[in-house]
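Architecture and fold: a report
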Amino acid sequence: MTAETDTPQSSGSCCSSTGSCHDGTVEVGSGAVTAVYKVTGMTCGHCEGAVTAELTALPGVTSVKAVAATGEVTVISGAPLADEDVRAAVDEAGYELAGRA
């Protein structure tokens, strides 16, 4: 194995040493709306990826950052999102929306 393929991962994560499937960058555009939600049940980078994928599919969403360790999900969109749409997306991913952070 090479050093590139033998990188140790942190315990509890299936994705990266930081426990995330992404680099953590959240882009904010002009006129963007940022909302932070609490989601229960996320435990690893795979969970973050599932929630991110479902929320990214919502119309108008430009960026999503889910953090399993805190249960917080930051969503940036072109206009405010309906809470029921966010709840449905989180439910589809297999987790529960606890509300806004």
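On a predicted model such as this, the values are computed, not experimentally measured, just so you know.

With respect to the packing of helix H1 (residues 45-56) against helix H2 (residues 83-93)
Two elements in contact, H1 and H2, have axes separated by 8 Å at closest approach and are oriented at 140 degrees. As far as their axial angle goes, H2 and H1 are oblique. Here the hand of the crossing between H1 and H2 comes out right-handed. Facing Ala-50, Val-51, Glu-54 and Leu-55 of H1, the residues of H2 in contact are Val-86, Ala-89, Val-90, Glu-92 and Ala-93. Of the residues assigned to the contact of H1 with H2, the class counts are 7 nonpolar, no polar and 2 charged.

What to know about H2
Of all the positions in H2, only Val-86, Ala-89, Val-90 and Ala-93 are classed as buried. Around the axis of H2, the buried residues are gathered within 95 degrees of arc, so they sit on the same side. Opposite the buried face of H2, by more than 90 degrees, sit the exposed residues Glu-84 and Glu-92. Summarising the contacts, the buried residues of H2 are in contact with strand E1 (33-40), H1 and strand E4 (96-100). One or two steps after H2, the chain reaches Gly-94, where phi turns positive at roughly 100 degrees.

Section: the sheet that holds strand E3 (residues 72-77)
Each strand in a sheet pairs with another by means of backbone hydrogen bonds, the pair being arranged parallel or else antiparallel. Taken in spatial order, the 4 strands make up an open sheet running E2-E3-E1-E4, and their pairing is antiparallel. With one partner strand each, in any of the chains shown, strand E2 (61-67) and E4 form the two edges of the open sheet. The mean angle between the axes of side-by-side strands here comes to 30 degrees, regardless of whether they run parallel or antiparallel. As paired strands, E1 and E3 are joined by 6 bridges and run antiparallel to one another. By the bridge assignment, Thr-34 is partnered in E3 with Ile-76. Strands E2 and E3 of the sheet are contacted by H1, whose axis makes an angle of about 160 degrees with E2. Strands in contact with H2 are E1 and E4; relative to E4, the strand with the most contacts, it is inclined by about 150 degrees.

Digging into H1
Note: α-helices contain 3.6 residues per turn, so residues at a spacing of three or four share the same orientation. End to end, H1 covers 16 Å across 12 residues, agreeing with the expected 16 Å (1.5 Å per residue, within 8%). Buried positions along H1 lie against E2, E3 and H2.

The rules behind the values
- Going along each chain's sequence as written, the residues are numbered from 1 onward.
- Given that this is a predicted model, residues contribute local features only at a pLDDT of at least 70 and side-chain atom pairs are listed and counted only at 80 or more, while totals for whole chains, interfaces and linings are drawn from all residues.
- Neither water nor hydrogens contribute to the side-chain values; these are computed over all heavy atoms in the structure.
- The angle between two axes is taken between their N-to-C directions and runs from 0 to 180 degrees, where each axis is a line fitted to C-alpha atoms and a helix contributes only its stretch in contact.
- For helices the rule is a DSSP run of H or I covering at least 4 residues; for strands it is a run of E covering at least 2, with both sets numbered from the N terminus onward.
- Orientation categories follow fixed angle ranges, with anything under 35 degrees roughly parallel, anything over 145 roughly antiparallel, 65 to 115 roughly perpendicular, and all other angles oblique.
- Left-handed describes a crossing in which the near helix is turned anticlockwise from the far one by less than a right angle; the clockwise case is right-handed.
- Only heavy atoms enter the contact rule, under which two residues are in contact if any of them lie within 4.5 Å.
- Polar here means any residue other than Ala, Val, Leu, Ile, Met, Phe, Trp, Tyr, Cys and Pro, which are nonpolar, and Asp, Glu, Lys and Arg, which are charged; Gly is therefore polar.
- Using a 1.4 Å probe on the protein chains alone, a residue whose accessible area is under 20% of its type maximum counts as buried, one over 50% counts as exposed, and one in between counts as partly exposed.
- In this description, one arc is meant: the one made by directions from the helix axis to the C-beta atoms.
- Should DSSP find at least two bridges between two strands, the strands are regarded as paired.
- A helix is expected to span 1.5 Å for every residue after the first.

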